[in-house]
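Spelled out from the first residue to the last, the chains are:
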Amino acid sequence: MSQSLNFPRHGDKRNSDFFETFLKRLLEERDRVGLTKLIHEIDALMITVEPGHSIDYVAELCLMTPYHYMVTLESESHLTHVMRIDLNSPDILVREVKDPNIRGIFRSLNEVYPIGSYKPNSRYMGEVLRVTDLHSVVRLQREREFRFFSQDEIRRLELPGNLAVSKPSPYTHNIVAYLEREPDELRVYALGLSTIRGDVQEAYLAAKELQKRLRIDDLILPIDHLATRVYSQNREVAILEYLSWSSYYYWGSYDIKDQNSSTNVTKSVHHSRELRSPAKVFTANNTPYFVNHLEKLPSPTETFVRNYGPRLHHIAVAVCDGETDGQENIEYVVNAIRDQGKDFLLDVIGSKQQGLKQIFSSASEHSSLIIEYVQRFGDFDGFFAKDNVAELTRAAGVEEELLEMEAQSSSIAG
Ligand SMILES: [Fe+2]
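For the structure given in this document, a descriptive report is provided here. The model shown is predicted, which means the values in this text are computed figures rather than measured ones. Sequence positions are assigned chain by chain, starting from 1 and proceeding in written order. The model is predicted, so local features are restricted to residues of pLDDT at least 70 and side-chain atom pairs to those at 80 or more, both for listing and for counting; the totals for chains, interfaces and linings are taken over all residues. In computing side-chain properties, one takes all heavy atoms of the structure into account and sets aside hydrogens as well as water.

### Examining the overall build of the protein chain
Thought 1: Counting from the N terminus, the helices are the DSSP runs of H or I reaching at least four residues and the strands are the DSSP runs of E reaching at least two. A tally of helices and strands in the protein chain yields twelve helices and 19 strands.
Thought 2: For the radius of gyration, the atom set is restricted to C-alpha positions; the globular benchmark scales as 2.2 Å times the number of residues to the power 0.38. The C-alpha atoms of the protein chain give 20 Å as radius of gyration, which agrees with the globular expectation for 414 residues (22 Å, within 12%).
Thought 3: Principal-axis analysis of the C-alpha atoms places the extent of the protein chain at approximately 55 × 50 × 50 Å.
Thought 4: Working definition: with a 1.4 Å probe on protein chains only, accessible area under 20% of the residue-type maximum means buried, over 50% means exposed, and in between means partly exposed. The buried share of the protein chain, reckoned over its 414 residues, is 60%.
Thought 5: A fraction of 71% describes how many contacts in the protein chain between residues 6 or more apart in sequence connect residues 24 or more apart. Pairs of residues are marked as contacts when any of their non-hydrogen atoms sit within 4.5 Å.

### Looking at the nonpolar core
Thought 1: Side-chain atoms within 4.5 Å link the members of a nonpolar core, which is a set of buried Ala, Val, Leu, Ile, Met, Phe, Trp, Tyr and Cys residues. Counting residues in each nonpolar core, the largest one holds 78 residues, and the members touching the most others are Ile92, Tyr178, Ile216, Ile315 and Tyr373.
Thought 2: Other than its neighbours up to four places away in sequence, Ile216 contacts Leu63, Gln211, Tyr332, Val333, Ala336 and Ile337.
Thought 3: By size, the runner-up hydrophobic cluster in this structure holds 21 residues, among which are Leu163, Val165, Ile175 and Tyr189.

### So, the coordination of the iron ion
Thought 1: Note that water is not among the atoms considered, so a metal site may appear incomplete; the donors listed are N, O and S atoms within 2.8 Å of the metal, with 3.2 Å applied to Na, K and Ca. Within the protein, the iron ion binds to His225 (NE2), His314 (NE2) and Glu372 (OE); these donor distances fall in the range 2.0 to 2.2 Å.
Thought 2: The sequence motif formed by the donor residues of the iron ion is H-x88-H-x57-E. Taken as a pair, His314 in strand 14 (residues 311-319) and Glu372 in strand 19 (residues 370-376) lie far apart in primary sequence, 58 residues in all. Comparing His314 with Glu372 shows no difference in burial state: the two are buried.

### A few points about the sheet that holds strand 13 (residues 279-285)
Thought 1: Pairing between two strands is assigned when DSSP locates at least 2 bridges connecting them. The nine strands lie next to each other as 1-11-12-13-10-14-19-18-17, forming an open sheet whose pairing is mixed. One side of each edge strand has no neighbouring strand; the edge strands of this open sheet are strand 1 (10-11) and strand 17 (349-351).
Thought 2: Pairing of strand 1 with strand 11 (residues 248-256) involves two bridges; the strand directions are parallel. Across the sheet, residue Gly11 finds its bridge partner in strand 11, namely Ser253.
Thought 3: Here an angle of 0 to 180 degrees is reported between the N-to-C directions of two axes, which are lines fitted to C-alpha atoms, with helices fitted over the stretch in contact. Contacting strand 10 (220-230), strand 14, strand 18 (356-360) and strand 19, helix 11 (residues 329-338) runs over the sheet at an angle of about 150 degrees to strand 19.

### Here's the deal with the pattern of salt bridges
Thought 1: Only one rule defines a salt bridge in this text: a Lys or Arg side-chain nitrogen within 4 Å of an Asp or Glu carboxyl oxygen. All chains considered together, the criterion is met by 26 salt bridges.
Thought 2: Between Arg155 and Asp152 there is a salt bridge, with its nearest N and O atoms 2.5 Å apart. Here Asp152 and Arg155 lie together in helix 6 (residues 151-157), a separation of three residues that amounts to about one turn.
Thought 3: Owing to a relative accessible area of 35%, Asp152 belongs among the partly exposed residues under this scheme.

### Here we look at helix 10 (residues 300-308)
Thought 1: Judged by how many residues are buried, helix 10 sits mostly within the fold: seven of nine residues are covered.
Thought 2: Within helix 10, the full set of buried residues consists of Pro300, Thr301, Glu302, Phe304, Val305, Asn307 and Tyr308.

### Describing unusual backbone geometry
Thought 1: Located in the positive-phi region is Asp133, a residue other than glycine, with phi close to 65 degrees.
Thought 2: Along the chain, the position of Asp133 falls in the loop between strand 6 (123-131) and helix 5 (134-143).
Thought 3: Note on Asp133: relative accessible area 34%, which makes it partly exposed.
Thought 4: Phi at Glu145 is positive, roughly 75 degrees, even though this residue is not glycine.
Thought 5: Relative accessible area serves as the criterion here: at 70%, Glu145 is assigned to the exposed category.

### Topic: the packing of helix 1 (residues 17-33) against helix 8 (residues 235-245)
Thought 1: Interaxial distance between helix 1 and helix 8 falls to 10 Å at its minimum, and their mutual angle equals 5 degrees. One element, helix 1, and the other, helix 8, form an angle in the roughly parallel class. On helix 8, the residues touching Phe18, Phe19, Phe22, Leu23, Leu26, Leu27 and Arg30 of helix 1 are Glu236, Val237, Ile239, Leu240, Leu243 and Ser244. Relative orientations are named as follows: roughly parallel for angles under 35 degrees, roughly antiparallel for angles over 145 degrees, roughly perpendicular for angles from 65 to 115 degrees, and oblique for any other angle.

### Side note on the pairing of strand 4 (residues 78-84)
Thought 1: In terms of residue burial, strand 4 counts as a mostly covered element, since seven of its seven residues are buried.
Thought 2: Neither face of strand 4 is left uncovered, since the one carrying His78, Thr80, Val82 and Arg84 and the one carrying Leu79, His81 and Met83 both have all their residues buried.
Thought 3: Note: strand 3 (residues 68-74) against strand 4, six bridges, orientation antiparallel. In the sheet register, Val71 faces strand 4, and the bridge partner there is Val82.
Thought 4: From the end of strand 3 to the start of strand 4, which pair antiparallel, there are three residues.
Thought 5: Sheet analysis places strand 4 next to strand 5 (residues 91-97), joined by six bridges and oriented antiparallel. In the sheet register, His81 faces strand 5, and the bridge partner there is Val94.
Thought 6: Adjacent in sequence and paired antiparallel, strand 4 and strand 5 are bridged by six residues.

Now the structure itself:
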């Protein structure tokens, strides 16, 4: 059987005949033409924030995750901070737009959505995938009708010049970029002037000092998964499109009936450990919003997409299995961070018996992204407990309702 189809299927959500047919055809062809072999793990994530927010966001990530600040790439209208754990897990590039009046395609994607438009520059942009032979990968993808920004556009967008960058997906609004690199070569981003900025370094060192004092520095692991929310009708095409851009396979989908939603998981063909290359999860409502009044179904996922646009909803970070001071590590980490004034949307949910515990932070005021912590117990390698997902989805929806009400009242007042 073809390499990318040789994985067991999980989940209980049924897909359409279209999905099952083209899943097989697309992955077989991807393997046959060599793309699966040429495209490797997720090498970096790119996030843009509003003017004046990037240092605070770097500090927030340094406290809540294992990331370190490396260097800032300064270009004409952006600062791009490179954050890294090591070369065995993806970097995070935190981009700040310097001028609040700057306009562009990524800003436009936020501006048509009522809450998204509040922070027009704040957006998770997408992943950089490591490839061998960039030229061949781009040629093969172009032959399959996938589109890229031109070199000139990449320069004007102030993205690293050594990346090939896709046009945003019509389904997720995210981009995929390719970076050619051998595993033993350094990650280099060809952009602007590289400096270690004193103000960022100071915020970084303070956050790491606090992380150490709280004794959570050894407990938090790299990224486990990235969860994107899309419109209900785009669930299957968003998955198939991502599999076509990457070397991921379809792990399976769970129906979360309680929340009228499903969780759909894709993983790397090359790395079984998510910490090496995070799983990509797609969440979508089961039915579109306009039948809710007839079916009387809850709709937190579709409501999120209508408010923010399709986009990344959360970054899940793993917590190492074990206990600290008589508490499970996830409880210990969450309590320590909560004491520093960071809110969480609910209590830690799940149990050792179910195999994992999870929690959502409130959305970052800088990036609008939620951090999920997930602790797996023993040798549990499953992805979630259904009850957990229903509870997490519900809790995130409650906060979004409040934001939506705020957005409506200010637009009526304005
Ligand atoms: Fe998650």
